[in-house]
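# Commentary on secondary and tertiary structure
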Amino acid sequence: MQFSLSKIISYSFVALIGYIPVAHANETVRLCYEDEDYAPYLRGESQQPAKPNPGVLVEITQAAFKEAGQKVQYIRRPWKRCMHLLRDGKIAGMFGVIHTKEREKIGKYPMQNGEIDLERRLLFVDYPIFYNAAHSAIQWDGQKFSGTTPRIGTPLGYATVKSLKNEHKITPNTSFLPETGLKLVSEGKLDGYIVEKNVGLSLLSKLGLKDEVIVHQPPFKRHALYLVLSHDFYEKNSKVAEKIWSTLAVLRKTVLDSIMKKYMHKIQ
């Protein structure tokens, strides 16, 4: 991120919310994110961030922590492992997380007057059903399924699992990560797979399946994604945490589109 990002952040942030003293400057904190290649948001499949282009969410969180005087060490683990590390206070935070009341027990979200602060989200994302029209006749109108109960896959630990079970009485197949799940959809072994739209499109491009597996409209869900901090980190660094979330709001308005276009160009 060499395009005068530091000046954009500093000027925009001061203009919007003023100066906040930063405690524990230059402290290194650990953030966890999934060890899968979920371009454009996360890139690479090892337990280390990809270089030189680690992904949209890595770049934007790194910039926010830097502005708050915090050095970041990234670790990559399976999704549920990151959640457990967050719950146990062994990491400072994780990102790309949907808000649920249940997850407020695990980590600290940006809040305003006791409610989730949508303004300080990372971004909005769509979670559509990816399906193969030649093999599947999924009937979804944005509110409910009709016809035969579909065989749907989605990643283990994702909020879509609970939505399918509680709202639609569908028990999804959580045995497969998105790349394998999309392959199974192309082969007619699953009726559909739910994953974030750009992640799914990136994987289909990688697999050469863009003409076989397509996005069902309307999407299954639209969610805001957040940076979630551990309760321990927030209790010890509340002013720093609030500044990080507020800086993310500035970044989303000023540079997120440019970063996203850089990665989407590679995908398309």
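As a reminder, the structure under discussion sits directly above these lines.
The notes below deal with the structure included here. Predicted model only: the values in this text are computed from it and were never measured.

### Digging into the packing of helix α2 (residues 56-67) against helix α8 (residues 238-254)
- Axis separation between α2 and α8 bottoms out at 9 Å; the angle between their running directions is 130°. Here α2 lies oblique to α8, going by the angle between them. The handedness of the crossing between α2 and α8 is right-handed. Taking contact as the criterion, the partners of Ile60, Thr61, Ala63, Ala64, Phe65 and Glu67 in α2 are, on α8, Lys243, Ile244, Thr247, Leu248, Leu251 and Arg252.

### Digging into the nonpolar core
- Counting residues in hydrophobic clusters, the biggest one holds 78 residues, and the most contacted among them are Tyr41, Phe95, Leu123, Phe145 and Leu248.
- A per-element tally of this core places α2 first, with seven residues.
- Discounting chain neighbours no more than four positions away, the residues touching phenylalanine 145 are Ile129, Ile138, Gln139, Trp140, Pro150, Ile152, Leu164, His168, Ile170 and Phe220.

### Brief notes about the sheet that holds strand β7 (residues 129-131)
- Strand order in the open sheet formed by four strands is β10-β11-β7-β12, and the pairing between neighbours is mixed. For this open sheet the edge positions go to β10 (152-153) and β12 (214-215), each flanked by a neighbour on one side alone.

### Focus on the sheet that holds strand β3 (residues 93-98)
- Read from one edge of the open sheet, five strands run β2-β1-β3-β13-β6, paired in mixed fashion. Of all strands in the sheet, those with a lone pairing partner are β2 (70-77) and β6 (123-127), marking the two edges. The sheet shows a mean angle of 30° between the axes of neighbouring strands, taken without regard to direction.
- Strand direction decides the pairing type here: β3 and strand β13 (residues 221-229), joined by five bridges, are antiparallel. Bridging across to β13, methionine 94 finds its partner in valine 228.
- Those strands touched by helix α3 (residues 79-87) are β1 (27-34), β2, β3 and β13, and its axis lies near 120° from that of β3.
- Its contacts with the sheet place α8 against β2, β6 and β13, and it is angled at close to 140° to β13.

### Concerning the pattern of salt bridges
- If you walk through the whole model with that rule in mind, you get 16 salt bridges.
- Between lysine 162 and glutamate 102 there is a salt bridge whose closest N-O contact spans 3.5 Å. Of this pair, lysine 162 sits in helix α4 (residues 159-168) while glutamate 102 sits in the loop between β3 and β4 (111-112), and the two are 60 residues apart along the sequence.
- In this structure, lysine 221 and glutamate 167 form a salt bridge, with 2.9 Å as the shortest nitrogen-oxygen distance. Placement of the pair is lysine 221 in strand β13 and glutamate 167 in helix α4, with a sequence separation of 54 residues.
- When its relative accessible area of 47% is taken as the criterion, glutamate 167 is described as partly exposed.

### Quick notes on the packing of aromatic side chains
- By the definition in use, this model includes nine aromatic pairs.
- Between tryptophan 140 and phenylalanine 145, the ring centres sit 4.6 Å apart and the planes meet at 40°, which makes this aromatic pair tilted. As far as the burial class goes, tryptophan 140 and phenylalanine 145 line up, both buried.
- Ring pairing ties together the aromatic residues Tyr33, Tyr74 and Phe95, which thus form one cluster.
- Lysine 108 extends its terminal NZ or CZ atom over the ring of tyrosine 234, reaching a point 4.9 Å from the ring centre.
- The ring centre of phenylalanine 220 lies 6.0 Å from the NZ or CZ of lysine 221, which sits over that ring.

### Topic: the state of the cysteines
- Enumeration according to the criterion identifies one disulfide in this entry.
- Each disulfide pairs two cysteine sulfurs, and for cysteine 32 the partner residue is cysteine 82, the sulfurs being separated by 2.0 Å. Here the disulfide of cysteine 32 and cysteine 82 is left-handed, its torsion about the S-S bond being about -65°. Placement of cysteine 32 in strand β1 and of cysteine 82 in helix α3 is noted, with a sequence separation of 50 residues between them.
- What makes cysteine 32 buried here is its relative accessible area of 0%.
- Under the relative-accessibility criterion, cysteine 82 is labelled buried at 0%.

Calculation criteria
- Residues numbered from 1 in each chain as written.
- Predicted model: local features only at pLDDT ≥ 70, side-chain atom pairs only at ≥ 80, totals over all residues.
- Heavy atoms only, no water.
- Axes fitted to C-alpha atoms, helices over the stretch in contact; angles between N-to-C directions.
- Helix = DSSP H or I, 4+ residues; strand = E, 2+ residues; numbered from the N terminus.
- Parallel < 35°, antiparallel > 145°, perpendicular 65-115°, else oblique.
- Left-handed = near helix turned anticlockwise from the far one by under 90°.
- Contact = heavy atoms within 4.5 Å.
- Core = buried A, V, L, I, M, F, W, Y, C linked by side-chain atoms within 4.5 Å.
- Buried < 20%, exposed > 50% of the residue type's maximum accessible area, 1.4 Å probe, protein only.
- Pairing = 2+ DSSP bridges.
- Salt bridge = Lys/Arg side-chain N within 4 Å of Asp/Glu carboxyl O.
- Phe/Tyr/Trp six-rings, centres within 6.5 Å; stacked < 30°, edge-to-face > 60°.
- Lys NZ or Arg CZ within 6 Å of the ring centre and 35° of its normal.
- Disulfide = S-S within 2.5 Å.

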